Amino acid sequence: QVQLVESGGGLVQAGDSLRLSCAASGRTFGYYSMGWFRQAPGREREFVAAITWSGGSTDYADSVKGRFTISRDNAKNTVYLQMNSLKPEDTAVYYCAVPRSGDLTVFRLPRIDYWGQGTQVTVSS
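Report follows, based on the coordinates. (Residues numbered from 1 in each chain as written. Predicted model: local features only at pLDDT ≥ 70, side-chain atom pairs only at ≥ 80, totals over all residues. Heavy atoms only, no water.)

Moving on, we come to the overall build of the protein chain. A count of helical and extended segments in the protein chain gives zero helices and eleven strands. Element order for the protein chain, N to C, with α for helix and β for strand: β-β-β-β-β-β-β-β-β-β-β. On the principal axes, the C-alpha backbone points of the protein chain span a range of 40 × 30 × 25 Å. With 125 residues in all, the protein chain has 46% of them scored as buried. In the protein chain, once contacts between residues fewer than 6 apart in sequence are set aside, the share between residues at least 24 apart is 58%. (Helix = DSSP H or I, 4+ residues; strand = E, 2+ residues; numbered from the N terminus. Buried < 20%, exposed > 50% of the residue type's maximum accessible area, 1.4 Å probe, protein only. Contact = heavy atoms within 4.5 Å.)

Structural data, given as structure tokens:
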């Protein structure tokens, strides 16, 4: 079992930056790929970014590519999402996600086994 707790959300203006964190506990953190999804009001949850357990490979949704960066610190059992040049359309609840197995492609299916409780990001224009 893996427990995930997100933090770092808030209210910012367009063009600002935020860094989200997701702290994991439970089973060995370092062997899981991890990722982020988001869900805006009235919309389906969508994939944002993912990173392998080694940190050597990443994947991003086209809508955030070049603006968001995912990283992880296995010593701290934490994955991060650095969000720059935020836009109003980035407004959503952001969720940390972990699959029990598979490579980064499972985030596109999606096939996720563990979810965090979510953190709200609101970007004003």
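Here the focus is the side chain of Arg38. Note on placement: Arg38 falls in strand S4 (residues 34–39). Within the local environment of Arg38, its side chain forms a polar contact with the side chain of Glu46, the two groups lying 2.6 Å apart. At a separation of 2.9 Å, a polar atom in the side chain of Arg38 contacts the side chain of Asp90. Once you skip the residues sitting within four places of it in the chain, Arg38 turns out to touch Glu44, Arg45, Glu46, Val48, Ser63, Val64, Phe68, Glu89, Asp90, Ala92, Val93 and Tyr94. (Polar contact = N/O pair within 3.5 Å; in protein donor to acceptor, adjacent residues only side chain to side chain.)

Here we take up the sheet that holds strand S8 (residues 78–83). Across the sheet, which stays open at both edges, the four strands sit in the order S1-S3-S8-S7 with antiparallel pairing between neighbours. Each edge of the open sheet carries a strand with a single partner, namely strand S1 (2–7) and strand S7 (68–73). Within the sheet, the average angular offset between the axes of one strand and its neighbour, ignoring direction, is 20 degrees. Here S7 pairs with S8 via six bridges, running antiparallel. Across the sheet, residue Arg72 finds its bridge partner in S8, namely Val79. (Pairing = 2+ DSSP bridges. Axes fitted to C-alpha atoms, helices over the stretch in contact; angles between N-to-C directions.)

What follows is about the packing of aromatic side chains. Scanning the model with the defined rule gives five aromatic pairs in all. Both rings, one in Phe37 and one in Phe47, keep their centres 5.8 Å apart while their planes meet at 75 degrees; by these two values the pair is edge-to-face. On the criterion of sequence distance, the pair formed by Phe37 in strand S4 and Phe47 in strand S5 (residues 46–51) is long-range, its members being ten residues apart. Accessibility expressed as a relative area gives 10% for Phe47, which makes it buried. Seen in terms of ring centroids, Phe47 and Phe107 are 6.3 Å apart; in terms of plane orientation they differ by 45 degrees. Their pairing is tilted. On the criterion of sequence distance, the pair formed by Phe47 in strand S5 and Phe107 in the loop between strand S9 (92–98) and strand S10 (114–115) is long-range, its members being 60 residues apart. Each of the two residues, Phe47 as well as Phe107, counts as buried. (Phe/Tyr/Trp six-rings, centres within 6.5 Å; stacked < 30°, edge-to-face > 60°.)

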